[in-house]
Amino acid sequence: MPLPPIRRPAPAFDIFNVHFEQIYDPTMHVLLAFDGQIDGEVMREAAMRLMASNPYLRSRYTEADGLPAWEEIPEDMWEGAFALVPGGEDESQPLRTPPQPLDVRSGPQVRVSLYRREEGDLLAVTCHHGFCDAGGAAALARQLLAAYRGIMADPDHFPPPTGAYDRSTDRILALYPEEERKRALLEEEPFVDRWRFPIERTGRGTPRIASRTLPPGRLGRIKAFGREHGGTVNDVLIGAVFLALLKIRNDPSDRGAPRSLLTSVDLRRYLGQEECPPANLSIAYEITLSADADAPLSDIVGQVAAITARRKSGSPGVAAILFYERILSGGMPAVRGFFEEMIARYQTSGTKNPVFSNLGIFDPGDYLPVPGKNGRMLGLRDIRFFPCVCRPYGFLVIASTFRDRLTITTAYEEGAYSTAAVERFLGYVDGYLP
């Protein structure tokens, strides 16, 4: 008689991020571009051993008997964690079409895709937002390369096992007394969708990636501009994205009216841990601004800085955690009802606030050294992040930095969105930045 599958309860942030698949594709990718060839067999083995070290990586998401859980899958299903993509299938640099989505409900929870290129291999580390956030995906890429490096040095190397680690946000809540939790929930204002990126039509389209990389030197000017106006690089980026949205919409009703976008904060910084195992530890919060159509960036940065400073000084994440936990206390029918209501609201109003997230700096030192197939140590030409692919009415923009080069990226469905409009929008963001 076969043994029952091993299941571990899925926490609230995992559950909600799985169900967000109803309004966008929650698959994410960390893409690393090397200047030589990786040993494919060793990289495949690194992916397999990484899964063996982490019980959640070798699991699928399930709602057996109405109870959301991570259920371990048989070892013969681990093969989906590695794919070798021959040259010629997609030669664009960087990729214009994202790697295939990852099915969180079948597992495993990572796919490593190795793209062979004449100028050097591309390595895509793919995961699902139901399994982890962007910070978790970057950690997963670092762990994969550490395993690869270890096997190249010693064929018997295995990553240290994580065991069944804490994936919940309980450790965040534990940082705050009960009174502060109650106050944070009372003071939190509900999200109000006020606008959206212009679309061509509703429905599905072809997944695409668009990005704009600024030359070295621009980042220094953005930092100086932020300091001059009492803000950070992140504040300046939010301001530029906001003004670019006003410009691409070209809607008179936006002028001087309150308009909102969502941004995020990584809660790992409050845990005091150098490296957390991959999990969902980020929350979104709303920023509401107003500006005239011809407003300069300097007018917006002060508004943004005041809001982000207030958020950082409060209890970041507490209200969001309690909000989702409260819904989940009603069981999966309450979770499904939450999404049904949200989707009905979008379809009725046609509005969905855009999202911006700054992932910060990708430090090559976190991923190197990486030995190549011929034994030569490889260099990194680029590291960038491909976010979740949005379809109407969602629109997501991210920023990341590698070697002083700031990249603005969005993933969208072409057809539902106009590629020309998306490219024009990225140009507007570039134009507003110092």
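Our subject in this report is the structure included herewith.

### What about helix α10 (residues 332–349)?
Step number 1: Here α10 contains 18 residues, and its C-alpha end-to-end distance of 26 Å stays within 8% of the 26 Å for a straight helix at 1.5 Å per residue.
Step number 2: Buried within α10 are the following residues: Met-332, Val-335, Phe-338, Phe-339, Met-342, Ile-343 and Tyr-346. Buried residues of α10, seen end-on, are gathered within an arc of 120 degrees and therefore sit on one face of the element. Facing away from the buried side of α10 by over 90 degrees, the exposed positions are Pro-333, Glu-340, Glu-341, Gln-347 and Thr-348.
Step number 3: In this structure, the buried residues of α10 make contact with α1 (12–19), β4 (59–62) and α9 (318–328).
Step number 4: Gly-350 occupies a position one or two residues after α10 and carries a positive phi of about 70 degrees.

### Focus: the packing of aromatic side chains
Step number 1: Within the structure shown, the criterion is met by 19 aromatic pairs.
Step number 2: On the basis of an interplanar angle of 80 degrees and a centroid distance of 5.7 Å, the ring pair of Phe-16 and Phe-338 is categorised as edge-to-face. Separated by 322 residues along the polypeptide, Phe-16 in helix α1 and Phe-338 in helix α10 bring together distant segments of the chain. Take Phe-16 and Phe-338: they sit in the same class, and that class is buried.
Step number 3: Look at Phe-395 and Phe-425: their rings are 5.5 Å apart centre to centre, the planes differ by 85 degrees, and that puts the pair in the edge-to-face class. One end of the pair, Phe-395, is in the loop between β16 (389–390) and β17 (396–402); the other, Phe-425, is in helix α11 (residues 419–432), and 30 residues separate them in sequence. Across the pair, exposure class does not vary: Phe-395 and Phe-425 are buried alike.
Step number 4: Taken together, the aromatic side chains of Phe-13, Phe-16, Phe-20, Tyr-24, Phe-323, Tyr-324, Phe-338 and Phe-339 make up a single cluster linked through ring pairs.
Step number 5: Here Arg-8 stacks its cationic end above the ring of Tyr-56, 5.9 Å away from the centre of that ring.
Step number 6: Here Arg-49 stacks its cationic end above the ring of Phe-158, 4.3 Å away from the centre of that ring.

### Thoughts on the pairing of β17
Step number 1: Here β17 lies mainly inside the structure; seven of its seven residues are buried.
Step number 2: Burial along β17 is two-sided: the face carrying Leu-396, Ile-398, Ser-400 and Phe-402 and the face carrying Val-397, Ala-399 and Thr-401 are both buried.
Step number 3: Where strand β12 (residues 355–361) lies against β17, five bridges are found, and the strand directions are parallel. The partner of Ser-357 across the bridge, within β17, is Ile-398.

### Observations concerning the pattern of salt bridges
Step number 1: The tally for this structure, following the rule as stated, stands at 24 salt bridges.
Step number 2: As a salt-bridge pair, Arg-311 and Glu-188 come within 3.3 Å of each other at their nearest N and O atoms. Taken as a pair, Arg-311 in helix α8 (residues 297–313) and Glu-188 in the loop between α5 (178–187) and β9 (206–213) lie far apart in primary sequence, 123 residues in all.
Step number 3: Judged by relative accessible area, Glu-188 falls into the partly exposed class, the value being 28%.
Step number 4: Here Asp-266 makes a salt bridge to Arg-268, at a shortest N to O gap of 2.9 Å.
Step number 5: A relative accessible area of 21% means that Asp-266 is categorised as partly exposed.

How each quantity is defined
Residues numbered from 1 in each chain as written. Predicted model: local features only at pLDDT ≥ 70, side-chain atom pairs only at ≥ 80, totals over all residues. Heavy atoms only, no water. Helix = DSSP H or I, 4+ residues; strand = E, 2+ residues; numbered from the N terminus. Expected span 1.5 Å × (residues − 1). Buried < 20%, exposed > 50% of the residue type's maximum accessible area, 1.4 Å probe, protein only. Arc of directions from axis to C-beta. Contact = heavy atoms within 4.5 Å. Phe/Tyr/Trp six-rings, centres within 6.5 Å; stacked < 30°, edge-to-face > 60°. Lys NZ or Arg CZ within 6 Å of the ring centre and 35° of its normal. Pairing = 2+ DSSP bridges. Salt bridge = Lys/Arg side-chain N within 4 Å of Asp/Glu carboxyl O.

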